[in-house]
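The primary structure of each chain is shown beneath.
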Amino acid sequence: MNTTEETHAIGKNLHNVGWYFVHTLWIQSQMIDLVILKQHPRIVSKFLSKISTLPPTFVQCRDVYWQKDFKFIKKIFEGEFNTVWSKNAKADLATAYNLRNIIAHAQVSLTRPYLLHRPDSLKRLHEIQSTLEIRKRAGYRRPLILKVNFSDDAIYHRNFSAIERLDRIHLKNIADSIGIPHSRVR
């Protein structure tokens, strides 16, 4: 049976995981919209002029991109905006991507204050460790399984700050670079 402290940590971890997941979905949606508008500049004026109705080309492209995973969208996005994408923006996007990947592929229990995640390669392990500052502990077995606890306030705020910067600074700069008010894709 869980103590009050354990129950609080479990709830906090799940709450934070939910916030991360929803916000990374939101980031992905913004990225999709910006890619479409960059790839189809002829629809930008229609997109901006009639807020209640989206151009058919935009809707069709969005439907295709919605079927893709975050990794695919991230690759397309970075390719489209590589000239205006800073090192800090790439780091914040890597944080959002790794959070999303861990959460989407985690083993979850409602009785413990952490998730279990098994990276599919050593390369992914190193990427996760460097972007999320998750350290490998002595005694890990193979296959390597990470114990990820998002109930720690410092970890939560560091990761969430990356998501906020991605939205408020980096994606805003991208929107500005193609002449789209950021509020229109948020």
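Below: a short report on this structure. None of the values given here were measured: they were computed from a predicted structure. (Residues numbered from 1 in each chain as written. Predicted model: local features only at pLDDT ≥ 70, side-chain atom pairs only at ≥ 80, totals over all residues. Heavy atoms only, no water.)

Okay, the overall build of the protein next. When you go through the protein residue by residue, the secondary structure sums to 8 helices and 3 strands. Ordered by position from the N terminus, the helices and strands of the protein form the series α-α-α-α-α-β-β-α-β-α-α. By principal-axis analysis of the C-alpha atoms, the protein measures approximately 60 × 35 × 25 Å. Counting every position in the protein, which comprises 186 residues, the buried fraction comes to 42%. Expressed as a percentage of contacts within the protein between residues at least 6 apart in sequence, the contacts between residues at least 24 apart total 72%. (Helix = DSSP H or I, 4+ residues; strand = E, 2+ residues; numbered from the N terminus. Buried < 20%, exposed > 50% of the residue type's maximum accessible area, 1.4 Å probe, protein only. Contact = heavy atoms within 4.5 Å.)

In the contact formed by helix 5 (residues 87-104) and helix 6 (residues 122-132), the axes pass within 9 Å of each other and the chain directions differ by 120 degrees. Regarding the angle of helix 5 to helix 6, the classification is oblique. Note that helix 5 runs across helix 6; the crossing there is left-handed. Of helix 6, the residues touching helix 5 (which contributes Ala-94, Thr-95, Tyr-97, Asn-98, Leu-99, Asn-101 and Ile-102) are Arg-124, Glu-127, Ile-128, Thr-131 and Leu-132. (Axes fitted to C-alpha atoms, helices over the stretch in contact; angles between N-to-C directions. Parallel < 35°, antiparallel > 145°, perpendicular 65-115°, else oblique. Left-handed = near helix turned anticlockwise from the far one by under 90°.)

Right, let's get into the sheet that holds strand 3 (residues 146-148). Read from one edge to the other, the open sheet built from 3 strands follows the order 1-2-3, with strand pairing classed as antiparallel. Looking at the sheet topology across the chains shown, the edges are occupied by strand 1 (106-107) and strand 3. Pairing of strand 1 with strand 2 (residues 115-117), which is carried by 2 bridges, proceeds in the antiparallel orientation. Bridge pairing in strand 2 links Gln-107 to Leu-116. Its contacts with the sheet put helix 5 on strand 1, strand 2 and strand 3, and the angle it makes with strand 2 is roughly 100 degrees. (Pairing = 2+ DSSP bridges.)

Now for the packing of aromatic side chains. Under the criterion given, the structure shown has 7 aromatic pairs. Judged by centre distance (4.9 Å) and plane angle (85 degrees), the ring pair of Tyr-20 and Phe-150 falls under edge-to-face. A residue pair is termed long-range when its members are at least 10 positions apart, and Tyr-20 in helix 1 (residues 4-39) and Phe-150 in the loop between strand 3 and helix 7 (153-177) qualify at 130 residues. For the ring pair Phe-70 and Tyr-97, a centre distance of 5.8 Å and an interplane angle of 35 degrees mean the geometry is tilted. With Phe-70 in helix 4 (residues 70-80) and Tyr-97 in helix 5, this pair connects stretches of sequence that are 27 residues apart. For the pair formed by Phe-70 and Tyr-97, the shared burial category is buried. Members of the aromatic cluster, each reached through a chain of ring pairs, are Tyr-20, Phe-150, Tyr-156 and Phe-160. Geometry around Phe-47 places Arg-184 over its ring, the cationic atom sitting 4.1 Å from the centre. (Phe/Tyr/Trp six-rings, centres within 6.5 Å; stacked < 30°, edge-to-face > 60°. Lys NZ or Arg CZ within 6 Å of the ring centre and 35° of its normal.)

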